[in-house]
Amino acid sequence: EFCNKLGIIERGKLLVFGTIDDLMTQARAHPVICVKVVEEMDRAHSVLRRDPRIDQIEIRDEQMNITLHDATLHHHFVADLLVGEQIRVHSLSPHQMKLEDVFLKLTKGIVN
């Protein structure tokens, strides 16, 4: 009834095969953390962009999408940084990838 393994074929060649969790791990080379703060978005952005563990910060719809440098890092340090600066955190969670995101990350972009 449910698919527990997935394969991605591009131009007749099997690119990847494994469980959905395996494929999501492969596609997430750099984890993205979604953060919302109570007010003070500019100050939160300033605090976070100084940290060398953070690669990129994108602000979209009053939410910061923070890309970490290292996939092995746990995102708890983001909350520690903000709380240490007395910035109130509304929410903090790992970005949930969709299968479409996984497909786009793992293919070479040849498929039209």
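What counts and how
- Residues numbered from 1 in each chain as written.
- Predicted model: local features only at pLDDT ≥ 70, side-chain atom pairs only at ≥ 80, totals over all residues.
- Heavy atoms only, no water.
- Helix = DSSP H or I, 4+ residues; strand = E, 2+ residues; numbered from the N terminus.
- Rg over C-alpha atoms; globule rule 2.2 N^0.38 Å.
- Pairing = 2+ DSSP bridges.
- Axes fitted to C-alpha atoms, helices over the stretch in contact; angles between N-to-C directions.
- Contact = heavy atoms within 4.5 Å.
- Core = buried A, V, L, I, M, F, W, Y, C linked by side-chain atoms within 4.5 Å.
- Buried < 20%, exposed > 50% of the residue type's maximum accessible area, 1.4 Å probe, protein only.
- Salt bridge = Lys/Arg side-chain N within 4 Å of Asp/Glu carboxyl O.
- Parallel < 35°, antiparallel > 145°, perpendicular 65-115°, else oblique.
- Left-handed = near helix turned anticlockwise from the far one by under 90°.

Undergrad: Describe the overall build of the protein chain, and please don't skip the residues or the numbers.
TA: Counting its secondary structure elements, the protein chain contains four helices and six strands. Ordered by position from N to C terminus, the α and β elements of the protein chain give β-β-α-β-α-β-β-α-β-α. A compact globule built from 112 residues should have a C-alpha radius of gyration of about 13 Å, whereas the protein chain, at 17 Å, is more than 25% larger. In terms of overall dimensions, the protein chain has C-alpha extents of about 55 × 30 × 25 Å along its principal axes.

Undergrad: Residue-level account of the sheet that holds strand S6 (residues 89-94), with values.
TA: One open sheet holds the four strands; their spatial order is S4-S5-S3-S6, and the pairing between them is antiparallel. The open sheet terminates on both sides in strands that have one partner only, identified here as strand S4 (54-60) and S6. Neighbour-to-neighbour, the strand axes of this sheet turn through a mean angle of 20°, independent of strand direction. For S4 and strand S5 (residues 63-68), the ladder comprises six bridges, and the chain directions are antiparallel. When the sheet's bridge partners are listed, Gln56 is paired in S5 with Thr67. Helix H3 (residues 76-84) rests against strand S3 (32-37), S4, S5 and S6 of the sheet, and its axis sits at about 165° to S6.

Undergrad: Provide a residue-level description of the nonpolar core, including the pertinent values.
TA: One recurring pattern in soluble globular proteins is that nonpolar side chains are buried together. Residues Val35, Val37, Leu48, Met64, Ile66 and Leu82 are the most contacted members of the largest nonpolar core, which totals 16 residues. Those elements giving two or more residues to this core turn out to be S3, helix H2 (41-49), S4, S5 and H3. Here this core takes four residues from H2, the largest share from any one element. What Met64 contacts, discounting residues up to four positions off in sequence, is Ile33, Cys34, Val35, Val37, Met41, Ala44, His45, Leu48, Ile57, Glu58 and Ile59. Within the second largest apolar cluster, seven residues are counted, among which are Val16, Leu23, Ala27 and Leu106.

Undergrad: Go over the pattern of salt bridges with me, naming the residues and quoting the values.
TA: Taken as a whole and judged by the stated rule, the model has four salt bridges. Among the salt bridges present, the one from Arg43 reaches Glu40, with a minimum N-O distance of 2.8 Å. Looking at Arg43, the relative accessible area reads 32%, which means it is partly exposed. We classify Glu40 as partly exposed; its relative accessible area is 36%. For Arg60, the salt bridge identified is with Glu58, shortest N-O distance 2.1 Å. Overall, the relative accessible area of 30% leaves Glu58 in the partly exposed class. A single network of salt bridges, built from pairs that share partners, joins Glu40, Arg43 and Glu85.

Undergrad: For the packing of helix H1 (residues 20-27) against helix H4 (residues 99-106), give the residues involved together with the corresponding values.
TA: The N-to-C vectors of H1 and H4 enclose an angle of 55°; their axes lie 9 Å apart at closest approach. Taken together, the axis directions place H1 and H4 in an arrangement best described as oblique. Handedness of the crossing formed by H1 with H4: left-handed. Taking contact as the criterion, the partners of Ile20, Leu23, Met24, Gln26 and Ala27 in H1 are, on H4, Leu99, Val102, Lys105 and Leu106.

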